[in-house]
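Observations on the three-dimensional arrangement
So the chains spell out like this:
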Amino acid sequence: MTELADRLLGAVQGIRRVVRRRVRADVPGTPLPGAQAELLRVVADHPGIGVAAAARELHLANNSVSTLVNQLADTGLLRREADPADRRAARLEITAAAADRMAAWRRARTGLVAGALAKLSEEDIALIEQALPPLEKLLGILKEQP
């Protein structure tokens, strides 16, 4: 099982690394550090999320997420709004600039991987499709673990 885990991680990390490098070359703008990009994804998926909830989602300390929020707000990619129920708490929203940037990255990533998939045999594509449900289940298990 350890060898399978190692091979799986190597393949997934390798794909992510190659895609990230290739997309950085094709999409204009300064690349965001991974933690900033992850926070933007969390906020896009959960508009109005608070800093503490985002920290839990990312498995980071609250102060680390606060630093990321400040950095992204300074670059115009994230907006903080006071929570009407508790004026001391902030609710996070991505800006239109962040949404546009994320959409461009998503299109570039999807296009790159779709192009590579098109070079595989039908049998290989079918195997990847069959592997997706258990991989998604594995992701859910990993997310639930402390």
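- The chain carries the name DNA-binding transcriptional regulator, MarR family in an unreviewed UniProt entry, which gives Amycolatopsis tolypomycina as its organism.

**A short note on the overall build of the chain**
- The secondary structure content of the chain amounts to six helices and two strands.
- The dimensions of the chain, computed from C-alpha atoms along their principal axes, are 55 × 35 × 20 Å.
- In the chain, which comprises 146 residues, the proportion classed as buried is 21%.
- Counting contacts in the chain only where the partners sit at least 6 residues apart, residues at least 24 apart contribute 51% of the total.
- Split by element, the accessible area of the chain, about 10,300 Å² in all, is 57% carbon and sulfur.
- Between the centroid of the 21 positive side chains of the chain and the centroid of its 18 negative side chains there is a distance of 6 Å.

**Considering the pattern of salt bridges**
- For the coordinates displayed, the defined rule picks out five salt bridges.
- Measuring nitrogen to oxygen at the nearest pair gives 4.0 Å for the salt bridge that ties Arg 16 to Glu 38. Taken together, the positions of Arg 16 in helix α1 (residues 2–26) and Glu 38 in helix α2 (residues 34–45) put the pair 22 residues apart, joining distant regions of the chain.
- Taking the relative accessible area as the measure of exposure, Arg 16 reaches 49% and is therefore partly exposed.
- Residue Glu 38 is classed as partly exposed on the basis of its relative accessible area of 30%.
- A salt bridge links Arg 91 to Asp 83; the shortest N-O distance between them is 2.6 Å.

**Quick notes on the UniProt feature "domain: HTH marR-type" (unreviewed entry) in the chain**
- Mapped onto this structure's residue numbering, the UniProt feature "domain: HTH marR-type" (unreviewed entry) falls at residues 5–137.
- Across residues 5–137 one finds 70% helix and 11% strand; the C-alpha atoms that close the span lie 15 Å apart.

**Description of a nonpolar patch on the surface**
- Where nonpolar side chains cluster on the molecular surface, the patch consists of Val 113, Leu 117, Leu 120, Ile 128, Leu 132, Leu 135, Leu 138 and Leu 142 and spans about 590 Å² of accessible area.
- Among the secondary structure elements, those contributing two or more residues to the nonpolar patch are α5 (96–117) and α6 (122–144).
- Tallying contributions element by element places α6 first for the nonpolar patch, with five residues.
- By secondary structure assignment, the location of Leu 138 is in helix α6.
- What makes Leu 138 partly exposed here is its relative accessible area of 34%.

**What to know about the pairing of strand β2 (residues 86–94)**
- In this structure, strand β1 (residues 78–83) lies alongside β2, joined through six bridges in antiparallel fashion. Bridge pairing in β2 links Arg 79 to Glu 93.
- From the end of β1 to the start of β2, which pair antiparallel, there are two residues.

**What to know about a positive patch on the surface**
- Positive charge collects at one region of the surface, where Arg 17, Arg 20, Arg 21 and Arg 24 lie side by side.
- Secondary-structure assignment places Arg 17 in helix α1.

About the cut-offs
- All chains use their own residue numbering, which begins from 1 and follows the written sequence.
- A pLDDT threshold of at least 70 governs which residues receive local features in this predicted model, and a stricter bar of 80 or more applies before side-chain atom pairs are shown or counted, although totals over entire chains, interfaces and linings include all residues.
- Here the side-chain values reflect all heavy atoms present in the structure, with hydrogen atoms and water set aside.
- Helix and strand assignments come from DSSP, with helices taken as H or I runs of at least 4 residues and strands as E runs of at least 2, each series counted from the N terminus.
- Using a 1.4 Å probe on the protein chains alone, a residue whose accessible area is under 20% of its type maximum counts as buried, one over 50% counts as exposed, and one in between counts as partly exposed.
- The criterion used for residue contact is that any of the two residues' heavy atoms lie within 4.5 Å.
- We get accessible surface area from the Shrake-Rupley algorithm with a probe of 1.4 Å; when it comes to residues, only the shown protein chains can shield them.
- A residue counts as positive if it is Lys or Arg and as negative if it is Asp or Glu; His and the chain ends are not included.
- Lysine's charge is taken at NZ, arginine's at CZ, aspartate's at CG and glutamate's at CD.
- Definition used for salt bridges: Asp or Glu carboxyl oxygen within 4 Å of a side-chain nitrogen of Lys or Arg.
- UniProt positions are given in the numbering used here, feature names are shortened, and annotations may be inferred rather than shown by experiment.
- Only residues whose relative accessible area exceeds 30% and that form no salt bridge are eligible for patches; like-charged ones are grouped when within 9 Å, while nonpolar side chains (Val, Leu, Ile, Met, Phe, Trp, Tyr) are grouped when within 5 Å.
- Pairing between strands is defined by DSSP: at least two bridges between the two strands are required.

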